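Residue-level structural notes
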Amino acid sequence: MDEKKVTVETVPDSTNSASARAEQVSPASSRDFDDAYELYRRQDGADLDPDEARQVLRRIDWHILPLLMGTYFLQYLDKSSFNFASVFGLREDTNLHGQDYSWSLSIFYFGYLVAQWPAGYLLQRLPVGKFIGSTAIVWGVLTITTPACKNFAGVAVNRFLLGCFEAVVNPGFVLVLSMWWRQDEQPMRLTTYYCMNGFAGIVGGLLGYAVSQTPFDHTCSLTPRVLTGHITSGLPPWMYIFLIFGSISLTWGTIFLIFMPDIPSTARFLNERQRIVAVERVATNRQGVKNHHFKVYQMWQCLGDPKTWILFVMSIAAQIPNAAQSSFTSIILQTFGFDVLQTQYLQIPGNVVQICSLLVSGWISSRFPNMRCVMMLAGNLICVACAAVLVALPVGPDGTDNQWGRLVALWLCSFQSVGFSLSLTMVSSNVAGYTKKQLTGAFIFVGYCVGNIIGPQTFIDSEAPFYTSAYIAMLTGYSIKTIMVVVLYFYMWTVNKKRDREAAISGSRLSEEQEKEAIERGMQDVTELDNKGFRYVL
């Protein structure tokens, strides 16, 4: 068997001065070799058999993707339980007044924010599957215990801890994506598990309808609380939401812990040959699979990389409007003039829009090359137009005029998931060097937290039922996000063209020798800034 070479001279890329600090290793030290490097070396120089590669891909899709989908479905249900429970007495029973409800939502993201850097480091150092599964079990327990909270202090502690443990899922899944799938396969897989947010919204709304009861003796400042319902004895209805969601999450976390492999080279659902093929497939990403050594020079590259800051700003802007699409949806629909039960099932069309837009954009981005930024731009422009409608349409003295026009605009704002989900593939596909990848992901989710902390605060209680500031904030966030997509596209396009010129080749295709060298550097944990054979996927 013709083993691949193991020594590569790392040439710093002139696109970033931070690469001058890169560790120069020739021959490569053991710290640079990928965790799956031994399997990679055992594949001979011949190309993979396409039928064999497709068979392995099918096995990966059927085993890994359902685990990601189920986990994403449940983490969204758990963190969105407040939205579904908010109109069924949660605010009254936990004595939340004024901005307390908004702060309860924001505090979740303070926990998420605090946990980002430790989570990223631990995702690199620990077995990924076991770490994510363990955190899923903990957040299930925290969800079950939410009904025990009787005041704002208890709610705040519970939500903060829930944010800490759910902080592992999103950045962890971005890393998992690059371990198992090629660059062209990633958008479809990411949007497939990401659209579980929409399914969770549908299930949550239906469950909210199912657990409602009559008569309901709480009062609400917005509408009378008279429900026609289904559970008519026992606990208050909002408590059932947390007990049901938490129990399911606890069970699922155990399943994930047992069946989710840490890396392809240890996957029990693949045989020895299939593991080699799985590693060889993703080696063509020029990013490697996983390296558990933290490298300081990659941290400095991350801080100096324009992509990091573009994605960071984009993430903040994307999440400021998110409160209207998650935690405040039930309350917004009440202000439009719909009754409590209508607020549950009228969220379903928006979730359907989210699911369809994600699957279509993911398919287009995987089927046609360099369409990710185009899809992000299209989704963002729809959101800008719909937010403008929410700002501009007259609402009347009681906030209920033009309710259907505003409702459709709110549904179509669900296109916002297209931009954010595909921005995550910019990390999984366009960032190499495992330390740099996990840190870039952490930056995105720090921005995600900042935006989600700001978003609920734009819903000012004294502005109810109009919430003018919130709708203006939505329009501003969508507009900034749209501009940043354009900036990101032109930055990556410019770098690609510069590298093509430097390599003195036509178009964007590398020679066979340059391709092999770029793959080898990826398996030695070289960053995309140092690997001149790397090209950004647009």
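**Here we look at the overall build of the protein chain**
- Assigned secondary structure in the protein chain consists of 22 helices and 0 strands.
- A burial count over the protein chain gives 60% of its 538 residues as buried.
- Here the analysis covers contacts within the protein chain between residues at least 6 apart in sequence; of these, 84% occur between residues at least 24 apart.
- With an accessible surface of roughly 19500 Å², the protein chain has 65% of that area assigned to carbon and sulfur atoms.

**Things to note about the confidence of the model for the protein chain**
- Overall, the predicted model of the protein chain reaches an average pLDDT of 81, with 81% of residues at or above 70.
- Here residues 1-27 scores under 50 on pLDDT; set against residues more than four positions off or in separate chains, the count is 71 contacts.
- Low pLDDT, under 50, characterises residues 213-229; the stretch is placed with 43 contacts to residues that sit more than four places away or in other chains.

**Thoughts on the packing of aromatic side chains**
- Under the criterion given, the structure shown has 27 aromatic pairs.
- Where Tyr-194 meets Phe-420, the ring centres are 6.3 Å apart and the plane angle is 55 degrees; that geometry is what we call tilted. Pair noted here: Tyr-194 is in helix α7 (residues 186-194) and Phe-420 is in helix α19 (residues 416-430), with a separation of 226 residues, a long-range link.
- Judged by its relative accessible area of 4%, Phe-420 is buried.
- Taken together, a centroid distance of 5.8 Å and an interplanar angle of 70 degrees make the contact between Phe-534 and Tyr-536 edge-to-face. In this pair, the class of Phe-534 matches that of Tyr-536, namely buried.
- We note Arg-91 situated over the ring of Tyr-101; from NZ or CZ to the ring centre the distance is 5.8 Å.
- When the ring centre of Phe-368 is taken as reference, the NZ or CZ atom of Arg-367 above it lies at 5.3 Å.

**Things to note about a nonpolar patch on the surface**
- Taken together, the side chains of Ile-255, Leu-257, Ile-258 and Phe-259 make up a nonpolar region of the molecular surface, amounting to roughly 320 Å² of accessible area.
- Locating Leu-257 in the fold gives a position in helix α9 (residues 237-259).

**A word on the environment of Gly-163**
- Position of Gly-163 relative to the elements: it lies in helix α5 (residues 152-166).
- Along the chain, Gly-163 and Leu-113 lie 50 residues apart, while their C-alpha atoms are 8.0 Å from each other.
- Ignoring sequence-local partners within four residues, the contact set of Gly-163 consists of Phe-108, Gly-111 and Tyr-112.

Reading the values: rules and limits
Residues numbered from 1 in each chain as written. Predicted model: local features only at pLDDT ≥ 70, side-chain atom pairs only at ≥ 80, totals over all residues. Heavy atoms only, no water. Helix = DSSP H or I, 4+ residues; strand = E, 2+ residues; numbered from the N terminus. Buried < 20%, exposed > 50% of the residue type's maximum accessible area, 1.4 Å probe, protein only. Contact = heavy atoms within 4.5 Å. Areas by Shrake-Rupley, 256 points an atom, 1.4 Å probe, with all protein chains shown as cover. pLDDT = per-residue confidence, 0-100. Phe/Tyr/Trp six-rings, centres within 6.5 Å; stacked < 30°, edge-to-face > 60°. Lys NZ or Arg CZ within 6 Å of the ring centre and 35° of its normal. Patch = residues over 30% accessible without salt bridge, like charges linked within 9 Å, V, L, I, M, F, W, Y side chains within 5 Å. Salt bridge = Lys/Arg side-chain N within 4 Å of Asp/Glu carboxyl O.

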